[in-house]
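Per-entry structural report
Listed below, chain by chain, are the residues.
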Amino acid sequence: MSILIPNYNKVAYIRETLDSVISQTYTYWECIIVDDYSTDGSWEILEEYVAKDVRFQLYRRPYNRKAGGNAARNFAFEIAKGKYIQWLDSDDLIHPRKLEKQVEQLSYSTKEIVSVANWTSFIGKGIIDAIDPYQYCKSYSPHRWKDHPSNGIQLLLKLWEDNAFIPPHAYLISSSMHLKSGLWDENLTRNQDGEFMARALLESDGICYMEDLLTYYRK
């Protein structure tokens, strides 16, 4: 399992994000963090976590790569060794059981299935137990996925019709599927996550959902 985090100037939030990684009940992970030359002191915090847990790996974006989060994500993927990829931005959170539950869900199939966990938005302190899932996410429901289709193109059509989106860290996807669908477009500066995930969904053999609230998107 590879958790891939791009970072740029997230000193106010990065500790909460990395603490949510350390708290995972599924322990067989590597976390690759690629910093895009932060200037706010977050690099020193990242060094602390690398010293604290050997599963963290810290890099700076290579000079010969284009600046921006997409290049940082692609570089992280290129050196990742995990069977599954957990994308995670450096200000978002994942529930302690996210990896455990989604890995178990995917293990039941021999096909290239995408797992999608329930999610909500939050503002302020990133303490998972204190987050009210309804406060900032009008679309949140404990039965969110009840009417969602089980294949990629139909899911994309439903998201289009509902004017909805799913944050990238709600997904768990195999690294082999990302090799088929292609990596992040480093020329895009808007909706790059939507474009990237659309290709992955179209490449998948199916979608499975988890109603458990496991993903927290910082607004």
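The residue numbering used here restarts from 1 in each chain and proceeds along that chain's sequence as written. A pLDDT threshold of at least 70 governs which residues receive local features in this predicted model, and a stricter bar of 80 or more applies before side-chain atom pairs are shown or counted, although totals over entire chains, interfaces and linings include all residues. In computing side-chain properties, one takes all heavy atoms of the structure into account and sets aside hydrogens as well as water.

**A look at the packing of aromatic side chains**
As a reminder of what qualifies: Only Phe, Tyr and Trp rings take part, Trp by its six-membered ring, and two of them pair if their centres are within 6.5 Å. Stacked means planes under 30 degrees apart, edge-to-face means over 60, and tilted covers everything else. In this description a helix means any DSSP run of H or I spanning at least four residues, a strand means any run of E spanning at least two, and both kinds are numbered starting from the N terminus. Exposure is judged per residue with a 1.4 Å probe applied to protein chains only, and the accessible area is read against the type maximum: over 50% gives exposed, under 20% gives buried, and values in between give partly exposed. The rule for a charge over a ring is simple: NZ of Lys or CZ of Arg within 6 Å of the ring centre, and within 35 degrees of the ring normal.
Here the structure, examined in full by the defined rule, presents 14 aromatic pairs. Each ring, one from Tyr-59 and one from Phe-75, has its centre 5.8 Å from the other, and the planes form 80°; the classification is edge-to-face. With Tyr-59 in strand S3 (residues 56–60) and Phe-75 in helix H3 (residues 69–79), this pair connects stretches of sequence that are 16 residues apart. Tyr-59 sits in the partly exposed class, given a relative accessible area of 30%. Look at Phe-75 and you get buried, because its relative accessible area is 15%. Pairing Trp-119 with Phe-165 gives two aromatic rings, centres 5.2 Å apart and planes at 65°, and the pair type is edge-to-face. With Trp-119 in strand S6 (residues 113–122) and Phe-165 in the loop between helix H5 (152–161) and strand S7 (171–174), this residue pair connects regions lying 46 residues apart in the sequence. These aromatic residues form a ring-pair network of at least three members: Phe-77, Trp-87, Trp-184 and Phe-196. Above the plane of the ring of Trp-43 lies Arg-60, whose end atom (NZ or CZ) is 3.6 Å from the centre.

**Section: the pairing of strand S4 (residues 84–87)**
Two faces belong to every sheet, and in a regular strand the side chains alternate between them. Condition: When DSSP locates at least two bridges between a pair of strands, those strands are taken to pair.
Judged by which residues are buried, S4 turns out to be covered on both faces: Tyr-84 and Gln-86 on one side and Ile-85 and Trp-87 on the other are all buried. Looking at chain direction, strand S1 (residues 2–7) and S4 are connected through three bridges and run parallel. Bridging across to S4, Leu-4 finds its partner in Trp-87. When S4 meets S7, the two strands line up antiparallel, connected through two bridges. Bridge pairing in S7 places Ile-85 opposite Ile-173.

**A few points about the packing of helix H1 (residues 14–22) against helix H2 (residues 42–52)**
For clarity, the cut-off: Axis lines are fitted to C-alpha atoms, over the contacting stretch for helices. Their N-to-C directions set the angle, which ranges from 0 to 180 degrees. Each angle gets one of four labels, with under 35 degrees taken as roughly parallel, over 145 as roughly antiparallel, 65 to 115 as roughly perpendicular, and the rest as oblique. Crossing chirality is assigned from the near helix's rotation relative to the far helix, an anticlockwise turn below a right angle marking it left-handed and a clockwise turn marking it right-handed. Residues are treated as being in contact if the distance between any of their heavy atoms lies within 4.5 Å. Under the scheme applied, nonpolar residues are Ala, Val, Leu, Ile, Met, Phe, Trp, Tyr, Cys and Pro; charged residues are Asp, Glu, Lys and Arg; polar residues are all the others, including Gly.
Two numbers describe how H1 lies on H2: the axes approach to 10 Å, and their chain directions differ by 20°. Compared by their axis directions, H1 and H2 come out roughly parallel. The two elements H1 and H2 meet at a crossing, and its hand is right-handed. Residues Ile-14, Arg-15, Leu-18, Asp-19 and Ile-22 of H1 lie in contact with H2, whose contacting residues are Ser-42, Ile-45, Leu-46, Glu-48, Tyr-49 and Lys-52. Classifying every residue of the contact of H1 with H2 gives six nonpolar, one polar and four charged.

**Digging into H1**
Owing to its 3.6 residues per turn, the α-helix brings residues three or four apart onto one side. Burial in H1 covers these residues: Ile-14, Glu-16, Thr-17, Leu-18, Ser-20 and Val-21. On its buried face, H1 is in contact with S1, strand S2 (30–35), H2, S3, strand S5 (93–94) and strand S8 (206–218).

**A few points about the side chain of Arg-218**
Inclusion rule: Here a polar contact is recorded for every N or O atom pair within 3.5 Å, except that within protein the pair must consist of a potential hydrogen donor and a potential acceptor, and residues adjacent in sequence are included only if both atoms are side-chain atoms.
Take Arg-218: it is sitting in strand S8. Overall, the relative accessible area of 7% leaves Arg-218 in the buried class. Of note is the side chain of Arg-218, whose polar atom sits 2.7 Å from the backbone oxygen of Gly-124. Setting aside its immediate chain neighbours within four residues, Arg-218 contacts Tyr-13, Glu-16, Asp-91, Asp-92, Phe-122, Gly-124 and Gly-126.

**Re the environment of Val-50**
By the element assignment, Val-50 lies in helix H2. Of the residues examined, Val-50 reaches a relative accessible area of 28% and is grouped as partly exposed. When neighbours within four sequence positions are excluded, Val-50 is seen to be in contact with Phe-56, Gln-57 and Leu-58.

**Brief notes about the sheet that holds S1**
If you walk across this open sheet you meet the eight strands as S3-S2-S1-S4-S7-S6-S8-S5, and the pairing is mixed. Both edges of this open sheet fall to S3 and S5, since each of them pairs with a single strand only. Taken together, the six bridges between S1 and S2 define a ladder with parallel strand orientation. Of the residues in S2, the one forming a bridge with Pro-6 is Val-34. Along the sheet, helix H7 (residues 192–203) makes contact with S4, S6, S7 and S8, crossing S7 at roughly 55°.

**Observations regarding the nonpolar core**
Soluble globular proteins: nonpolar side chains tend toward being buried together. Stated formally: Buried Ala, Val, Leu, Ile, Met, Phe, Trp, Tyr and Cys residues that are joined via side-chain atoms within 4.5 Å together make up what is termed a nonpolar core.
Core analysis: the biggest nonpolar cluster contains 35 residues, and Trp-87, Val-114, Val-116, Ile-166 and Tyr-171 have the highest contact counts within it. Setting aside residues up to four positions removed in sequence, Ile-166 forms contacts with Val-116, Trp-119, Trp-145, Leu-155, Leu-159 and Tyr-171. If you look at the next biggest cluster of nonpolar residues, it comprises 24 residues, including Val-21, Trp-43, Leu-106 and Cys-208.

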